[in-house]
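Notes for the structure review
Listed below, chain by chain, are the residues.
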Amino acid sequence: SKHCVNLDNRTANVTVKPFELEMGFQFELHVAVSGKKINVSEIPELPIPKDWMRDKLELNFYKTEQAAGGGEIENVTYNKESGTAVITFLKPG
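Being a predicted model, the structure only gives us computed values, none of them experimental. (Residues numbered from 1 in each chain as written. Predicted model: local features only at pLDDT ≥ 70, side-chain atom pairs only at ≥ 80, totals over all residues. Heavy atoms only, no water.)

Moving on, we get to the overall build of the protein. What the protein contains, in helices and strands, is one helix and six strands. Helices and strands appear in the protein in the N-to-C order β-β-β-β-α-β-β. Partitioning the contacts of the protein with sequence separation of at least 6, the portion at a separation of at least 24 is 37%. About 7,600 Å² of surface is accessible on the protein, with carbon and sulfur atoms providing 50% of the total. (Helix = DSSP H or I, 4+ residues; strand = E, 2+ residues; numbered from the N terminus. Contact = heavy atoms within 4.5 Å. Areas by Shrake-Rupley, 256 points an atom, 1.4 Å probe, with all protein chains shown as cover.)

Structural data, given as structure tokens:
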């Protein structure tokens, strides 16, 4: 954990200490389902760009056809102000 670093003809003794990175966010979604679209509400406001949240929603609802409740996504409409989104699938299911 201790190292000696040479910088511009000077020597510095440094010690490595572990630290925790905040990785990801966990939240609960409320969903209403219809044939081809899912209306998602109560999406929490997170300190990430709007397009990142849209991508996260798309990844969350994209699943193979064999998996229950998923499929190829046609469109994701996300409204940050209201905390809602509409996920539109290519095929009803």
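Once that is clear, we can look at helix H1 (residues 50-61). Here H1 contains twelve residues, and its C-alpha end-to-end distance of 17 Å stays within 8% of the 16 Å for a straight helix at 1.5 Å per residue. Within the span of H1, buried status applies to Met-53, Leu-57 and Phe-61. The arc enclosing the buried residues of H1, seen along the axis, measures out at 60°, which places them on a common side. (Expected span 1.5 Å × (residues − 1). Buried < 20%, exposed > 50% of the residue type's maximum accessible area, 1.4 Å probe, protein only. Arc of directions from axis to C-beta.)

To continue, consider the pairing of strand S6 (residues 84-89). On a regular strand, one side chain projects to one face of the sheet and the next to the other, so that they alternate. With four bridges joining them, strand S4 (residues 37-41) and S6 adopt antiparallel strand pairing. Counterpart to Val-40 in the pairing with S6 is Ala-85. With six bridges connecting them, strand S5 (residues 73-79) and S6 associate as antiparallel partners. Residue pairing across strands places Thr-77 opposite Val-86, the latter belonging to S6. (Pairing = 2+ DSSP bridges.)

Turning to a nonpolar patch on the surface, a few remarks are in order. On the surface, Val-5, Leu-7 and Val-14 cluster together to form a nonpolar patch covering roughly 220 Å² of accessible area. Looking at where Leu-7 falls in the secondary structure, it is placed in strand S1 (residues 2-7). (Patch = residues over 30% accessible without salt bridge, like charges linked within 9 Å, V, L, I, M, F, W, Y side chains within 5 Å. Salt bridge = Lys/Arg side-chain N within 4 Å of Asp/Glu carboxyl O.)

Let us look at the pattern of salt bridges. Enumeration over the complete set of coordinates arrives at one salt bridge. For Glu-74, the salt bridge is made with Lys-36, and the minimal N-O distance between the two is 3.4 Å. Separated by 38 residues along the polypeptide, Glu-74 in strand S5 and Lys-36 in the loop between strand S3 (30-33) and S4 bring together distant segments of the chain. Lys-36 sits in the partly exposed class, given a relative accessible area of 32%.

Here the focus is the confidence of the model for the protein. The pLDDT averaged across the protein works out to 80; a share of 78% of its residues lies at or above 70. Here S3 stands out as the least confident element of the protein, with mean pLDDT 65; S5 is the most confident, with 92. (pLDDT = per-residue confidence, 0-100.)

Further remarks concern the environment of Glu-42. By the secondary structure assignment, Glu-42 is in the loop between S4 and H1. Here Glu-42 falls in the exposed class, since its relative accessible area comes to 52%. For the pair Glu-42 and Ala-85, spaced 43 residues apart in sequence, the C-alpha separation works out to 9.2 Å. Once residues lying within four places of it in the same chain are set aside, the contact partners of Glu-42 are Glu-28, His-30 and Gly-83.

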